[in-house]
Structures are given as structure tokens and as C-alpha cells.
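# Structure at a glance
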2 protein chains.
Amino acid sequence: MQYKQNSEGIKVVKIGGNIVDNPEALSSFLIDFQKLEGKKILVHGGGVMASKMAINLGIKTTMIEGRRVTDAETLKLVTMVYAGWINKNIVALLQKDGCNAIGLSGVDANCIPATKRSTCPVDFGFVGDTTPNNVNTTFINDLLEKDIVPVFCAITHDEKGTLLNTNADTVAYTLSVALSQIAKTTLYYCFEKEGVLKNVDDPNSIFLSLTKEEYQNYQEQKIIAGGMIPKLFNSFNAIDGGVSEVLIMHAKNILSQKGTRLTRSHETIAK
Amino acid sequence: MQYKQNSEGIKVVKIGGNIVDNPEALSSFLIDFQKLEGKKILVHGGGVMASKMAINLGIKTTMIEGRRVTDAETLKLVTMVYAGWINKNIVALLQKDGCNAIGLSGVDANCIPATKRSTCPVDFGFVGDTTPNNVNTTFINDLLEKDIVPVFCAITHDEKGTLLNTNADTVAYTLSVALSQIAKTTLYYCFEKEGVLKNVDDPNSIFLSLTKEEYQNYQEQKIIAGGMIPKLFNSFNAIDGGVSEVLIMHAKNILSQKGTRLTRSHETIAK
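Residues numbered from 1 in each chain as written. Chains lettered and ligands numbered in written order. Predicted model: local features only at pLDDT ≥ 70, side-chain atom pairs only at ≥ 80, totals over all residues.

## A word on the overall build of chain A
Helix and strand counts for chain A come out as nine helices and 14 strands. Relative to the compact-globule value of 18 Å for 271 residues, chain A shows a C-alpha radius of gyration of 18 Å, a close match. Along the first, second and third principal axes, the C-alpha atoms of chain A reach 50 × 45 × 35 Å. When burial is assessed residue by residue, chain A has 51% of its 271 residues classed as buried. In chain A, the proportion of contacts linking residues at least 24 apart, taken out of those at least 6 apart, comes to 74%. (Helix = DSSP H or I, 4+ residues; strand = E, 2+ residues; numbered from the N terminus. Rg over C-alpha atoms; globule rule 2.2 N^0.38 Å. Buried ≥ 20, exposed ≤ 12 C-beta atoms within 10 Å, placed from the backbone. Contact = placed C-beta atoms within 7 Å.)

Set out below in C-alpha cells:
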């Protein structure tokens, strides 16, 4: 593919709620993140902190298939926690070390418009589904060209005045596919495990690499199951959408890039 | 003064917590705000909503001389409410009508660095004082040049990793003085009263105009007193700092510009 702009490549890094909720892990991760060379974007979750705040506010958390049901009160809660406290706190920590970060949600400069999910078969409430083609890549690329690091929380909007809660993995997927149209883009899913495990009880049983075909075989054999499925689904969708490769790894390994490397085929890995 | 850039002028509009807390008033204001011609910036408060949320979370609100004391819990609370819910909600409402707004705090792209206020004589906690010279006018002007409307909440940072709570009137003052170095800048303080009143019990007794000298005389005579003093102090500081004029008015009058007009001298008003 010939890239029109930003040929040096873009890294989209997603960190999960468990890292965000642990001040030491977050601080340590952010120091490493700054050392990543080239243009980069951070996407953060915050579900752990949102669930704690929900308890403080007496708001009931309802999860269906691992996804938060977002009623009006929960939308306010997650917008406060994700776009407010977590997002600005991360930006402040990056700015401390001279990394010129900017905190954004999908509503800001209309970066990530979304569509409220159909209430059928399950009504998830104010939840937004995103499409890479709708991302405002011009604005995001302008920031990257100025060496500004966008830090996205997973709040989007419907362009009709309503904020929407979106899965942070999905936001990272959406941004990386959109940006892969203008530059070689790599997606990093960082969480509290070492990678995709062959045996969920053995933290050392990491797949070093996976192609879509292998993944589908392992899934059929139930070797890969549970919470890993949506992450891998997003990952291979990202690769199908144009992202060069996806790395699933522990946040502490962002610089060594030790983890599970997902690519289109083994040929791509060999390169 | 010769302006280097952006000669068409910039309007910095500040809305207070009472408008922000009233969905109808806010919606109506935002429709009018979009009709304001030229480059513009919105700065919003949110104290009323923060105080309500403090009650929900069992956090005690302490005010000294009308200013919120910001301990660690309160800092988290105001960041959630101001930078999260209020800021993103306003941006979503503006985007709905095609106004390309972006929600920002002072930490984002290091727009407004601040200094934590001395704990002597009063320890206000995590409160930031700002200096117009430190504002990142280059970044803000880049947004304005792209017809993007910055929407600022009053959260700043100390550049050492700590967020700070700042008075929203002060943020509006700081931005307007900073921007007056690159363009003719007008500052609008919009709140729930018609302007500066001669008689606090008579809502129609509005000063149509005030110079600094007149204000000082009225203050000495105790005709102007109470909560109006800090707003007028900021206003005349803004004029001394280079802002062309300041309008203090009801939010509903943003288009008619009916209210109290503050300028350097009556000659400036006559112009």
C-alpha cells in the first residue's frame, strides 16, 4: 500500500482498566510509553474504576456478556470517570515528563462519531458502535504531525447530542484501522497478562504468534475461549482492515514487545 | 496594537455553573453561542453540579471567601464533573448542530499551565493560579484557524503531574489576556443576572457601562459589593492586560449583548 502521509508509522496502544486502576503500574507504563518511537496514540479503558465509583454513588452495575449496560446514570458516571478523572490524570502524568499529550473523547473535534446500538436483541442502553471510515483522521493526523500525543477515552457520540459509551478495545480497533489508511499502523493491546495463553492456568503458555486461521482452529478446539475472544475478534478485524500487526501483551512489556504477535500470515511474521 | 495573526478578533465567553446546571438554559445558550460570528472560545464553570455530586458521594464541600477548598477527593470530583460530564456534554450539544467543538482542560496540549497556590494564608488545597504569558496560544490559535471551537473547563495542572482546580472566571481572564496578544479579544462573562447592578435588590438597575475609575468609586461607596467584586477585578485586569472590552451579562443576552460593558475609558465605549 502507498501511504499518502505519515510514512514513519503510527502506534495505537490500548491499556485496560486494571492498569489504569493501579497508580504504580500506570506510572511505570506511561514512562515506557513515552519511549516508544514515532507517532503514537494511547487509548485507555477504566471499567474497574467506573465499577468502584458506581458503588460509591449507589448505581447498580449490570454486565451482559462482559459488556456494561449503560443507562442514563451510568453514562454520566462513565463519562465522568473515563473522560474526566482517568483521561486528564494520564495527560497530566505524560505532560510531567514533557510528552505533549492531549486528552480526547470521540466527541471532541468529532474524532469518533458512533451509532447507538440497536436495542434488539439486547438493550445495552447508551452504547455506541463505531466505523473506521467515520473517524476524523485529518484532525488526528494534524496532532501527530505536531508531535502531540492523543490520549483517547472510550466515550463517543451519535452526532445528535448524545454521548455514548464504547468498548475501549473497539475504539483502539476503530482508530487503528482508520489510521492504517494514511500510515503503516500497529495496534498494541496491553493488559495484565503476558499474551494469549494456550493454557489459561499456565501464565507462561503464551502463543508467540497467531494467524487468523490458527486462531479459528484453536477457538473451535476451545483452546482459546472466554474473555480473549472479543479481543482477538477485534485484532483480526483490525488486520483485515489494514493494520499491519497487532500485539497482545502485558503492559510492562510495551518496549520489549514480548507477547502474542498477530498477523495476516506467517509470511508477514517472517518479514 | 498591531496583531500578528487572527485580525478578525476572538471572543472568549464564560458561562457559570447555574446555566450549566439548567439543561434548558444551557441548550438555549449554546444555540445562541453558535451564532456568534468569528473565532470563539467557551469557558464553563460547574460549581453547582460539583456541589450536588459532592453530596451524592458524601464529600464535604468547604468554601472560603466563596472559593472551593480542593482536597484530593474534591480534586477527583471536580475533574470528573467539569472535565468529564459537563465538558463532553457541552461539546456533544455543539457538535449536534454542526459546530466543531473540542473539549479541553488546561492540561491538554499544555494549554494552561498553572502554579499550585501557596498554602499561606489560606490552604485552598489543589488550586491553581494561572499566568496569561504561560498559555499555549499557538495551539489554541491553530484550532481557531481551523474553525474548531475550544470549550475549556477550569481544570489546569502544575506541569509536575498534578491536576489543579482553577476558578472558571480566572481561566476566561487568562485565556482572553493571552489571546489579546495575537488578536483583538473580547471577554464575555455570562451568568444569571442582567449585568452589574446599582441596587442588588433591583434587577433592572444595570450599569450600562463602567470604567475602572468608576468601578473603584462605586466600590469605595459600597454600591458594588459582594460576589461581583472578583468578577470585576478579573474584568479590569483583563482590560489592563490587553483585552478590548469585557461584557457582563445574562447568558440569554449573548447575541443582543445587553448588559454591562466595561472598557478602559468612556472614549473606548464611544468608539
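Moving on from the coordinates now.
## Observations regarding the relation of the copies chain A and chain B
Each copy superposes on the other: chain A lies on chain B with an RMSD of 0.0 Å after a rotation of 180 degrees and an axial shift of 0.0 Å. Such values leave the two copies arranged in the relation of a two-fold axis. (Least-squares fit on C-alpha atoms with pLDDT ≥ 70 in both.)

## Describing the sheet that holds strand 1 (residues 10–15) of chain B
Backbone hydrogen bonds are what pair the strands of a sheet, in a parallel or an antiparallel way. Residue and element names in this part refer to chain B. Ordered by their spatial adjacency, eight strands build an open sheet running 5-8-2-1-11-13-14-12, and the pairing between neighbours is mixed. The open sheet has two free edges, formed respectively by strand 5 (101–104) and strand 12 (209–211), since each of these has just one partner strand. Each strand axis lies, on average, 20 degrees off the axis of its neighbour in the sheet, ignoring direction. In the sheet, strand 1 pairs with strand 11 (residues 185–191) via six bridges, with the strands oriented parallel. Looking at strand 11, one finds that I15 is bridged to C190. (Pairing = 2+ DSSP bridges. Axes fitted to C-alpha atoms, helices over the stretch in contact; angles between N-to-C directions.)

## Examining the interface of chain A and chain B
Contacts between chain A and chain B engage 32 residues on the former and 32 residues on the latter. Taken together, the elements giving at least two residues each to the side of chain A that touches chain B come down to helix 4 (72–96), strand 5 (101–104) and strand 9 (155–157) of chain A. Considering every element that reaches the side of chain A that touches chain B, the biggest residue donor is helix 4 of chain A, with 14 residues. Residue classes in the side of chain A that touches chain B are distributed as 14 nonpolar, 12 polar and six charged. (Nonpolar A, V, L, I, M, F, W, Y, C, P; charged D, E, K, R; others polar.)

## Re the pairing of strand 1 of chain B
Residue and element names in this part refer to chain B. Counting buried positions along strand 1 gives six out of six residues, so the element sits mostly inside the fold. Here strand 1 shows two buried faces, one formed by I10, V12 and K14 and the other by K11, V13 and I15. Two strands pair when backbone bridges link them, and strand 1 and strand 2 (residues 39–44) are joined in this way by six bridges, in the parallel orientation. In the strand pairing of strand 2, V12 is matched with I41.

## Examining helix 5 (residues 137–145) of chain A
All names here are of chain A. Residues of helix 5 that are buried include every one of T137, F139, I140, L143 and L144, and no others. Summarising the axial view, the buried residues of helix 5 lie within an arc of 165 degrees, below the 170-degree limit, and thus occupy one face. Exposed side chains of helix 5 directed beyond 90 degrees from the buried face belong to T138 and E145. Buried residues along helix 5 sit against strand 1 (10–15), strand 2 (39–44), strand 5, strand 8 (149–153) and helix 6 (168–179). Directly beyond the C-terminal end of helix 5, a positive phi value near 60 degrees is found at D147. (Arc of directions from axis to C-beta.)

## Description of the nonpolar core
Of all hydrophobic cores here, the largest spans 172 residues; its most connected members are V81, L175 and C190 of chain A together with V12, V81, L175 and C190 of chain B. Beyond its immediate stretch of four places on either side in the chain, V81 of chain B contacts M80 and G84 of chain A together with G46, M49, A50, M53 and I86 of chain B. (Core = buried A, V, L, I, M, F, W, Y, C linked by C-beta atoms within 7 Å.)

## Looking at the confidence of the model for chain A
Detailed conclusions should not be drawn from predicted coordinates in areas where pLDDT is low. Confidence in the prediction of chain A, expressed as mean pLDDT, is 92, and 95% of residues score 70 or more. Across the predicted assembly, pTM comes out at 0.95 and ipTM at 0.94. (pLDDT = per-residue confidence, 0-100.)

## Remarks on unusual backbone geometry
The phi angle of most residues is negative, glycine excepted, and most peptide bonds adopt the trans form. The residue after C120 of chain A, namely P121 of chain A, is reached through a cis peptide bond having omega 10 degrees. Within the element layout of this structure, P121 of chain A appears in the loop between strand 6 (114–116) and strand 7 (128–130). Despite not being glycine, N110 of chain A has its phi angle at roughly 50 degrees, a positive value. Checked against the element boundaries, N110 of chain A lands in the loop between strand 5 and strand 6. When the 23 C-beta atoms within 10 Å are taken as the criterion, N110 of chain A is described as buried. Even without a glycine there, the phi angle at D147 of chain B is positive, about 60 degrees. Using a count of 9 C-beta atoms within 10 Å as the deciding quantity, one classes D147 of chain B as exposed.

## Looking at the packing of helix 2 (residues 23–35) of chain A against helix 4 of chain A
When two helices pack together, their arrangement is given by the angle between the helix axes and the distance between those axes. All names here are of chain A. Running from amino to carboxyl end, helix 2 crosses helix 4 at an angle of 55 degrees, the nearest separation of the two axes being 10 Å. One element, helix 2, and the other, helix 4, form an angle in the oblique class. Seen along the crossing, helix 2 lies across helix 4 with a hand that is right-handed. Every residue of helix 4 that contacts helix 2 at S27, L30 and Q34 is listed here: I90, L93 and L94. Among the residues making up the contact of helix 2 with helix 4, the classes are represented as four nonpolar, two polar and no charged. (Parallel < 35°, antiparallel > 145°, perpendicular 65-115°, else oblique. Left-handed = near helix turned anticlockwise from the far one by under 90°.)

## Examining helix 3 (residues 47–56) of chain B
Residues and elements named next belong to chain B. All buried positions along helix 3 are accounted for by G47, A50 and M53. Buried residues of helix 3, seen end-on, are gathered within an arc of 120 degrees and therefore sit on one face of the element. In this structure, helix 3 carries I55 and N56 as exposed residues pointing more than 90 degrees from its buried face. Those residues of helix 3 that are buried lie in contact with helix 1 (17–20), strand 4 (67–68) and helix 4 (72–96). Positioned one or two residues after helix 3, G58 has a phi angle of 70 degrees, which is positive.

## Structural notes on the sheet that holds strand 8 of chain A
Residue and element names in this part refer to chain A. The eight strands are arranged 5-8-2-1-11-13-14-12 in an open sheet whose pairing can be described as mixed. On the outer flanks of this sheet lie strand 5 and strand 12 (209–211), each paired with one strand and no other. Pairwise comparison of adjacent strand axes, ignoring direction, gives a mean angle of 20 degrees for this sheet. In terms of strand pairing, strand 5 meets strand 8 through four bridges, oriented parallel. Opposite G103, over in strand 8, you have V151 as the bridge partner. Against the sheet, helix 6 engages strand 1, strand 2, strand 8 and strand 11 (185–191), with an angle of about 175 degrees to strand 1.

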